[in-house]
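# Notes for the structure review
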Amino acid sequence: MLSLKQIIRIPEWWDYIIPRYLGIVYFLIFHFDLTYDKGFTIYILFIAILFFTASFGYLLNEITDLQEDQKAGKKNRTERLTQFTKYSLLFLFLLLSFLPWSLLPVTKLNFGLFCIQFLLFFLYSVPPFRWKRYPVMGAVLDALYNNVVFTFIIITTVAILAEKNSGIQWWMSIVIFVWAFLKGLRGILLHLIMDRKYDKVAGKSTFITEFGPVFTINLINRFILPVELTMFFAIVLALSLTGIPLLWLIFPFFYLYLFLFFRLWERNHPWRKREVKFRYLYILNDLYEEWLPIIGVLILPFFDFRYCLLIPIHLLLFNRTVGKLVRNTRINIKNCSDWIEFLDPKNKFLSFHHLIIIRWNHFILQKTIKKVYWYFHGHFKYYMDTYFKKK
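Quick summary incoming for the structure in this document. None of these values were measured; they are calculated from a predicted model.

## Here's the deal with the packing of aromatic side chains
- With the rule as written, the count across this model stands at 36 aromatic pairs.
- Between Trp13 and Phe51 the ring centres are 5.8 Å apart and the planes differ by 40°, which places this aromatic pair in the tilted class. On the criterion of sequence distance, the pair formed by Trp13 in helix H2 (residues 10–31) and Phe51 in helix H3 (residues 36–64) is long-range, its members being 38 residues apart.
- Under the relative-accessibility criterion, Trp13 is labelled buried at 0%.
- On the basis of relative accessible area, Phe51 is assigned to the buried category, the value being 18%.
- Counting every residue linked through ring pairs, the aromatic cluster contains Tyr21, Phe56, Phe98, Trp101, Phe111, Phe114, Phe118, Phe121, Phe122, Tyr124, Tyr145 and Phe150.
- The aromatic ring of Tyr21 is capped on one face by Arg20, whose charged end is 5.0 Å from the ring centroid.

What follows is the structure, given as structure tokens:
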């Protein structure tokens, strides 16, 4: 018999959806100076809302995809459930998603956005709409319900709870919208690339089957990722200027982390153009899902010491993500001594955006380390030659 965990595929989204939204909650609590009682309450309630909303969305998508998945030979766990069980679970998740709102401040804006979230679920998956059949519209809808709408639900709700009528400035709303939309768009396009074989067998019309994987990867590399990174940098810079002064330091530290990670990965997996480019498309996810939530929960105790309670809760809820980050960091630190060995950049095929992440590190580290090395080597040689001449 299938467990609830298997039916709604919790391992496939728990560590990738919930942490990034909780990271937003952490920084908003700090940004809006939310008291501990209000901050802890909204934290618990949003964990419940996110879990049940995501469960509803994934189950609805599985149910409506059943026939196409069977045609393509793709595993769909809902085929082993009765109709009564399917729709009972859907109704239960829907009810539990709305229940926490009885304890949250409700306005036309934040609750309206929450209702739009479910409307998008239905428009995306359920016939006769099923807009996921249309290559561009399907990708746009997925980006909206998977990233944009819930981001603004959290922002507006925390702002209302903090009694900040102005919320965020209009220009920052535009920046956040563009960043969230491109992040969501990148996510669904990469997912469609992975599923393109199943989609082709099932006869689905998706963005990938329509425009091809090469065009899609180039679109992500040359437009989506650079603009997404620029928008995110603007958000972090704004937070650094309005309350979290050193938050911008996350970028050099993250770039250093990436430099080490890619170099260690190169040692075990020789650089191949296709592998490198595809792996590069996911790198910002580590920042959103691992780094920022942990940084956010660690800075909250500086605002109110009682927020220390959230640290063990976060570590327990997302132990796999935290464990992965700790393992990678430990390996990277252990192999710092291999930098010089890896400093010669031989991969001419990397795009301009790879230069930002890797080549900049190559150039700076190479020049710096060589200058330091030859400076001390020259002085040491000079003093040794002088010493032996005197002898």
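Resuming the write-up.
## Observations concerning the side chain of Thr216
- Locating Thr216 in the fold gives a position in helix H11 (residues 213–242).
- If we skip the residues at most four places from it in the chain, Thr216 touches Leu189, Ile193, Phe207 and Ile208.

## Quick look at the environment of Phe118
- In this fold, Phe118 is placed in helix H6 (residues 108–125).
- For the pair Phe118 and Leu94, spaced 24 residues apart in the sequence, the C-alpha separation amounts to 8.9 Å.
- If we ignore the near neighbours within four places in the chain, the residues touching Phe118 are Thr53, Phe56, Leu94, Ser97 and Phe98.

What counts as what
- Residues numbered from 1 in each chain as written.
- Predicted model: local features only at pLDDT ≥ 70, side-chain atom pairs only at ≥ 80, totals over all residues.
- Heavy atoms only, no water.
- Phe/Tyr/Trp six-rings, centres within 6.5 Å; stacked < 30°, edge-to-face > 60°.
- Helix = DSSP H or I, 4+ residues; strand = E, 2+ residues; numbered from the N terminus.
- Buried < 20%, exposed > 50% of the residue type's maximum accessible area, 1.4 Å probe, protein only.
- Lys NZ or Arg CZ within 6 Å of the ring centre and 35° of its normal.
- Contact = heavy atoms within 4.5 Å.

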